[in-house]
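Spelled out from the first residue to the last, the chains are:
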Amino acid sequence: MKRGSLRKYVLMILAGAVCISVTGCGQFNAGKSSQKKSISILAKNSWYSNVDYLESEVIGKVSEDSGYNVQWRFIQPANYYDVVRKLLLTKDSDNLADIVQLPDLDMNMDYIQAEVFIPLDNYLDLMPNFSRYLDENPGIKASLTTEDGHIYYVPQTVLTQNYQPCIMYNTEWLKRFQLEQPKTLDEFVNMLRIFKENDMNQNGDSSDEIPMSVTNEFLPYMFGPAFGLDLVNGFYADENGTVHYAYYEEENYKAYLTFLNQLYEEGLLEKDYETLTRDDITGRCASDETGVIFDYSWQMSTLYSAQYDEYNGTTPVFSGGVPLSGSYEGYYVGRNAISGFFGITVFCGEPQEAAKLLDYIMGEECQETYCWGIEGRSYTTGSDGKKRFTSQAADDMWLQKLGINPGCVPSHQSVEASDALLPEWHSRVDKWLVKYVRSPFPFIYSTSDELALDKGYSNYISQYVVQQADSFITGKSDIESFDWYMQTLENMNIKEMIEIKQKQYDRYQAMMQNVN
Ligand SMILES: [Ca+2]
């Protein structure tokens, strides 16, 4: 399929047009595959604007090796949620496909309740790879299982402990003042003050330093744990298994807001932190203007350190540090493994065949291709049996165009392949930080009773608390009005929401005990 026709497809869907033929959309093996069964897959294209999965060798190989005539239909990721959510909720059989990548994790079971996907547990005897995966991953199995015992989706997974978001320090600046990496909030604030007051980048001007460059999204990751709060997920269970909502913790959350407001007032948290972007931070690195970053570990070497002329690939400029401790011991908030889902729609004429194909594309053989690419092109296998990326694979854009780590399949990220792509110092820092990463609140489906109780409150609450956080941090709302904020949350049924999450957490724990 040409790019033009793909755009047209998306535009027509956006315009509400319904009659779009599946034929002509991405067909590998056309011509020599008339005896192969055709299965269509609707999935998300690459976030890289100059990468089209349809033309990538990785997706080509997987399609070719599957034994099916796979008809891929890709939609640009920026539109994917809106377009595909609508197709699913309206059960638009003309524009859906046999296999569909979900636009979200269906937390409120909108698609399951719309009965647009078939339960996969009826087909597990045709899905040996998926069955084995479920046996080996009881936590994921517990997350995938609904109240009535069905499993609807095959997951895509990401790393949960390695290469998580972490704090990164400008090691040149630390060295210049013989500073150790801070471990506590007090040490951290002292360091920020030194960064702010001195000519850290030695350009003769002591006023152009921005001590800390952290986007709004990452402030909760960076400072929440020091106050005993997982503000990233909101809900968390303490060591006794009691569920809390971090934004409704009277003492600790108030202390967190007060701390950040002080940083803001002192100019240690910059005035424009709410609109700061990763591109802004990258630019600051290029002109050596900042001392601290918090971001996905991945960016430490490939993006931030790479901005410095003196960076040679072996000695970091920006390097990771331990989580900050305050009245509580610091930790890093890890991710849930599940990052996406694939299901078979009720419109699929041959669900057995679709189940076999879905099982194939989530199997080990394909996972190797997703992680390493094409043998002889992006990697080689040594006589010791170990895979190594080729020198050509050091060109990230080339690797992306090859289709590495495709987002359009049930792929499972691998620590080994991630290590192999990054400089040695970076994987060493990662292994050092793993012990500080804690698992977040588990992903678990609501029951229909719980959904009825929620009535959308959880959405309002999560929007409200984020707005209010900025308001308190910037001083637009006085911290004296914190009681009023807590009262508003109570009016929004926060107590009932916590009770629901407690039940879900207990249910998850019970399922985990059953499988162990
Ligand atoms: Ca300066």
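Residues numbered from 1 in each chain as written. Predicted model: local features only at pLDDT ≥ 70, side-chain atom pairs only at ≥ 80, totals over all residues. Heavy atoms only, no water.

Draft legend 1. Representation of unusual backbone geometry within the structure. Its identity is not glycine, yet Asp-106 carries a phi of approximately 55 degrees, on the positive side. Along the polypeptide, Asp-106 turns up in the loop between strand S3 (99–101) and helix H4 (110–113). For Tyr-163, which is not glycine, the phi dihedral falls at a positive 55 degrees. Mapped onto the secondary structure, Tyr-163 falls in the loop between strand S4 (154–157) and strand S5 (165–170). (Helix = DSSP H or I, 4+ residues; strand = E, 2+ residues; numbered from the N terminus.)

Draft legend 2. Examining the packing of helix H10 (residues 250–265) against helix H19 (residues 457–473) more closely. Between H10 and H19, whose axes approach to 8 Å, the crossing angle comes to 50 degrees. By the angle between their directions, the pair H10 and H19 is classed as oblique. Along its contact with H10, which presents Tyr-253, Leu-257, Leu-260, Asn-261 and Tyr-264, the element H19 presents Val-465, Ala-469, Phe-472 and Ile-473. By residue class, the composition of the contact of H10 with H19 is 8 nonpolar, 1 polar and no charged. (Axes fitted to C-alpha atoms, helices over the stretch in contact; angles between N-to-C directions. Parallel < 35°, antiparallel > 145°, perpendicular 65-115°, else oblique. Contact = heavy atoms within 4.5 Å. Nonpolar A, V, L, I, M, F, W, Y, C, P; charged D, E, K, R; others polar.)

Draft legend 3. Inspection of the coordination of the calcium ion at higher detail. Looking at the metal site, the calcium ion is ligated by Asp-199 (OD), Asn-201 (OD1), Asn-203 (OD1), Asp-205 (O), Asp-208 (OD), Glu-209 (OE) and Glu-209 (OE), spaced 2.1 to 3.2 Å from it. Mapping the donors of the calcium ion onto the primary sequence yields the spacing D-x1-N-x1-N-x1-D-x2-D-E. Judged by its relative accessible area of 19%, Asp-208 falls in the buried class. (Donors = N, O, S within 2.8 Å, 3.2 Å for Na, K, Ca; no water. Buried < 20%, exposed > 50% of the residue type's maximum accessible area, 1.4 Å probe, protein only.)

Draft legend 4. Structural detail: the pattern of salt bridges. One pass over the full model with this rule turns up 16 salt bridges. Between Glu-350 and Lys-37 there is a salt bridge, with its nearest N and O atoms 3.2 Å apart. You can see Glu-350 sitting in the loop between strand S12 (338–344) and helix H13 (351–361) and its partner Lys-37 sitting in the loop between helix H1 (3–14) and strand S1 (38–44), a full 313 residues away along the chain. The exposure class of Glu-350 is partly exposed, given its relative accessible area of 35%. One salt bridge connects Glu-172 with Lys-175, and the closest N-O pair in it is separated by 3.5 Å. (Salt bridge = Lys/Arg side-chain N within 4 Å of Asp/Glu carboxyl O.)

Draft legend 5. Local environment of the environment of Lys-141. With respect to the secondary-structure elements, Lys-141 resides in helix H6 (residues 138–144). The class of Lys-141 is partly exposed, set by a relative accessible area of 29%. As a C-alpha pair, Lys-141 and Met-168 span 27 residues in sequence and 35 Å in three-dimensional space. Discounting residues that sit within four places of it in the chain, Lys-141 has contacts with Leu-134 and Ile-151.

Draft legend 6. Region of the structure containing the sheet that holds S4. Sheet architecture is open: 5 strands sit in the order S2-S1-S3-S12-S4, paired in mixed fashion. Lying at the two open borders of the sheet, with one neighbouring strand each, are strand S2 (69–75) and S4. Here the average twist between neighbouring strands, direction ignored, is 20 degrees. One ladder, built from 2 bridges, connects S1 with S3; its direction is parallel. What sits directly across from Leu-42, in S3, is Val-100. (Pairing = 2+ DSSP bridges.)

Draft legend 7. Representation of the packing of H19 against helix H20 (residues 482–491) in the model. Between H19 and H20, the shortest axis-to-axis distance is 11 Å and the interhelical angle comes to 175 degrees. In terms of axis orientation, H19 runs roughly antiparallel to H20. For the pair H19 and H20, the contacting residues are Ile-461, Tyr-464, Val-465, Gln-468 and Phe-472 in the first and Phe-482, Trp-484, Tyr-485, Thr-488 and Leu-489 in the second. Tallied by class, residues from the contact of H19 with H20 come to 8 nonpolar, 2 polar and no charged.

Draft legend 8. Region of the structure containing H13. The buried count for H13 comes to 9 of 11 residues, which makes it a mostly enclosed element. Those residues of H13 not exposed but buried are Pro-351, Glu-353, Ala-354, Ala-355, Leu-357, Leu-358, Asp-359, Tyr-360 and Ile-361.

Draft legend 9. Structural view of the side chain of Thr-282. For Thr-282, the location among the structural elements is in helix H11 (residues 278–286). Taking the relative accessible area as the measure of exposure, Thr-282 reaches 12% and is therefore buried. The residues touching Thr-282, leaving out its near neighbours within four places in the chain, are Leu-303, Tyr-304 and Gln-307.

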